[in-house]
Amino acid sequence: MHRKTLIELRDGLQRGDFSSVELTEHFLHRIDTRDRELNAFITVTGELALAAAREADRRRAAGQAGPLTGLPVAHKDIFCTDGVRTSCASRMLDNFIAPYDATVVERFKMAGVVMLGKTNMDEFAMGSSNETSFYGPVRNPWDPERVSGGSSGGSAAAVAARLAPAATGTDTGGSIRQPAALCGVTGLKPTYGRVSRWGMIAFASSLDQGGPIAQSAADCALLLGAMAGFDERDSTCMEQPVDDYLAALERPLDGLRIGLARPFFGEGLDAGVERRVREALAVYEGLGATLVDIDLPHVHLSVPAYYVVAPAECSSNLSRYDGVRFGYRCQDPQNLLDLYTRSRGEAFGEEVKRRIMVGTYALSAGYYDAYYLKAQKVRRLIRDDFLAAFEQVDVLMGPTTPTPAFRLGEKAADPIGMYLSDIYTIAVNLAGLPALSIPAGQVDGLPVGLQIIGNHWDEARLLNVAHRFQQETDWHRAIPADYA
Ligand code: GLN
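Residues numbered from 1 in each chain as written. Predicted model: local features only at pLDDT ≥ 70, side-chain atom pairs only at ≥ 80, totals over all residues. Heavy atoms only, no water.

Peer 1: What should I look at first to understand the pattern of salt bridges in this one?
Peer 2: Side-chain pairs of opposite charge can arise where the charged atoms are in close proximity. This structure, assessed with the given rule, holds 26 salt bridges. Connected through salt bridges with shared partners, the residues Arg257, Asp394, Asp458 and Arg461 form a single ionic network. (Salt bridge = Lys/Arg side-chain N within 4 Å of Asp/Glu carboxyl O.)

Peer 1: Can you walk me through the nonpolar core in this structure?
Peer 2: Across soluble globular proteins, you tend to see nonpolar side chains buried next to one another. By size, the foremost hydrophobic cluster in this structure holds 152 residues, and its most contacted members are Phe124, Tyr284, Phe386, Ile452 and Leu463. Once residues within four sequence positions are removed from consideration, Phe386 is found in contact with Leu296, Val299, Leu396, Ala427, Ala431, Leu433 and Ile453. Ranked by size, the runner-up nonpolar core spans five residues in total, among them Leu182, Ala405, Phe406 and Met418. (Core = buried A, V, L, I, M, F, W, Y, C linked by side-chain atoms within 4.5 Å. Buried < 20%, exposed > 50% of the residue type's maximum accessible area, 1.4 Å probe, protein only. Contact = heavy atoms within 4.5 Å.)

Peer 1: How do you make sense of the packing of helix H9 (residues 302-317) against helix H11 (residues 350-363) when you look at a structure like this?
Peer 2: For any two helices packed against each other, one specifies the inter-axial angle together with the distance between the axes. Two elements in contact, H9 and H11, have axes separated by 7 Å at closest approach and are oriented at 100°. Taken as axis vectors, H9 and H11 run roughly perpendicular relative to one another. Contact with H9, carried on its side by Tyr307, Val308, Pro311, Ala312, Cys314 and Ser315, involves Arg355, Ile356, Val358, Gly359, Thr360, Ala362 and Leu363 of H11 and no other residues of that element. Residues of the contact of H9 with H11, tallied by class, amount to nine nonpolar, three polar and one charged. (Axes fitted to C-alpha atoms, helices over the stretch in contact; angles between N-to-C directions. Helix = DSSP H or I, 4+ residues; strand = E, 2+ residues; numbered from the N terminus. Parallel < 35°, antiparallel > 145°, perpendicular 65-115°, else oblique. Nonpolar A, V, L, I, M, F, W, Y, C, P; charged D, E, K, R; others polar.)

Peer 1: When you look at the site of the ligand in this model, what are you seeing that I'm missing?
Peer 2: Lining the immediate surroundings of the ligand are 15 residues, of which Gly173, Ser175, Tyr306, Arg355 and Asp422 lie closest. A distance of 2.6 Å separates an oxygen atom of the ligand from a polar atom in the side chain of Tyr306. One of the side-chain nitrogen or oxygen atoms of Asp422 is found 2.4 Å away from a nitrogen atom of the ligand. Notes on the ligand: free accessible area 290 Å², of which the protein chains cover 100%. Its residues assigned to classes, the shell around the ligand shows five nonpolar, seven polar and three charged. (Near = heavy atom within 4 Å. Polar contact = N/O pair within 3.5 Å; in protein donor to acceptor, adjacent residues only side chain to side chain. Areas by Shrake-Rupley, 256 points an atom, 1.4 Å probe, with all protein chains shown as cover.)

Peer 1: How do you make sense of the side chain of Thr43 when you look at a structure like this?
Peer 2: Turning to its location among the elements, Thr43 is positioned in strand E1 (residues 41-44). One polar contact links Thr43 to Arg85, side chain to side chain, over a distance of 3.3 Å. When near neighbours in sequence (up to four residues on either side) are disregarded, Thr43 contacts Val84, Arg85, Gly117 and Lys118.

Peer 1: I keep staring at the side chain of Thr103 and nothing clicks. Help me out?
Peer 2: Mapped onto the elements, Thr103 comes out in helix H4 (residues 103-110). Residues within four places of Thr103 in sequence aside, it is in contact with Ser196, Trp198, Asp231 and Arg233.

Peer 1: Whenever I open this one, the pairing of strand E2 (residues 72-76) confuses me. Can you help?
Peer 2: Across a regular strand the side chains alternate sides, sitting on one face of the sheet and then on the other. Extensive coverage of E2 is indicated by the burial of five of its five residues. In the sheet, E2 pairs with strand E3 (residues 114-119) via four bridges, with the strands oriented parallel. Counted as the bridge partner of His75 is Lys118 from E3. The β-α-β motif built from E2, the intervening H4 and the parallel element E3 has right-handed crossover chirality. (Pairing = 2+ DSSP bridges. Right-handed = clockwise from strand over helix to strand, strands pointing away.)

Peer 1: What am I meant to see in unusual backbone geometry here?
Peer 2: Excluding glycine, residues mostly have negative phi values, and the peptide bonds linking residues are mostly trans. Omega for the peptide link from Gly150 to Ser151 comes to 5°, which places this bond in the cis form. Along the chain, the position of Ser151 falls in the loop between strand E5 (143-147) and helix H5 (153-160). Phi at Asn39 is positive, roughly 65°, even though this residue is not glycine. Tracing the sequence through the fold places Asn39 in the loop between helix H2 (20-38) and E1. The phi angle at Trp457 is positive, at roughly 70°, despite the residue not being glycine. Within the secondary structure layout, Trp457 lies in the loop between strand E13 (446-454) and helix H15 (459-472).

In structure tokens, the structure reads:
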């Protein structure tokens, strides 16, 4: 059953080939026997999952099943789950049981989705390798000595190893697309404002966006249909109609204009990755698309702009963890200041502290204009570059990451090197655009991701463009030998 895509599992449930209880037991057994080596899950909610599966089977028997009813999915541990620990992979929230469901979790629940558990991630979603987690790194199912990518590394590894048919993720600067690329799965970061952020623990509020990680674009289409839509509890969630993503999948690609983002093919791009991406582009040409070179003159400023904006917003968002209201509290505080400083000092990891310090500095009096305001202006220029590009082309394509999965520990002592592994994904968040990563081949047995970027609200087209590729190739069906 674990070799099937989510769409195939949906059809199997509808035909009565298996029940949701059988399906859920199968995945729980896989997690139980195989996750020790990967560390993709922080919490497994077996009993809750079986209860939800029984309820889903009952609903189906009563003729009340929807398309997602009874399908098992894992949630990144950044989404609040009522009554279930929601740690954000931080010691700060190791003891935090969320008192409510995030909107995404609630919508899935209402659709009858079965939650298998909560997946591992970088602490507070800060990282590109899943090595900053309080619970330890997630290993890549294609090579256990390599990183899964981050920050949604647990979700990507769980789907790649078929411990879950699909999972949720969040993407602030690449955290859905980069681990999807490194683990050989499909991940979609929607337009900013497409999916509610309510109940999603905030990292950088103007960049964070939740989305699906699954085997195929069709699976992502199925999930996005349930995740997307207006939510009055998130003031940046847009009142924009949700397209029928599944209906749009089959559209032919004749005449599709693909822009090759020139800055994504420059120095630093691994030759093997570039080869796989160029082969994928040739597949698109075979489907009737034309390729156009596109300049994005300000995109080279993305990483520096992001590493001002994201830490600034995180320093503000993380000020709520003070040892008073919830989360970790130090032992025997001597006074209020001691309570604050020791609670934060003991419970935040090194990368989180680095970001809080950078962000606090960038927002401080006298530096705000020089750093934060300047970065916001650069951000506008980057957005304008993309909008100009979309006057000429329908989508942009390039690699998702400069290299395949790197070794555990390889960049851990080199924050700048780590930051640069998101060099192709970050501009998309600064511009608020949707983008996805699909498996496009391998280099030395390690997956390579093709990134497809669309204009605002163009998720249906992105999924369509990705789906047509997945009908021509079967990279998305490749399973690491140890997990087949
Ligand atoms: N790797 C980037 C960072 O560390 C992006 C993380 C994310 O998208 N959550 O900030």
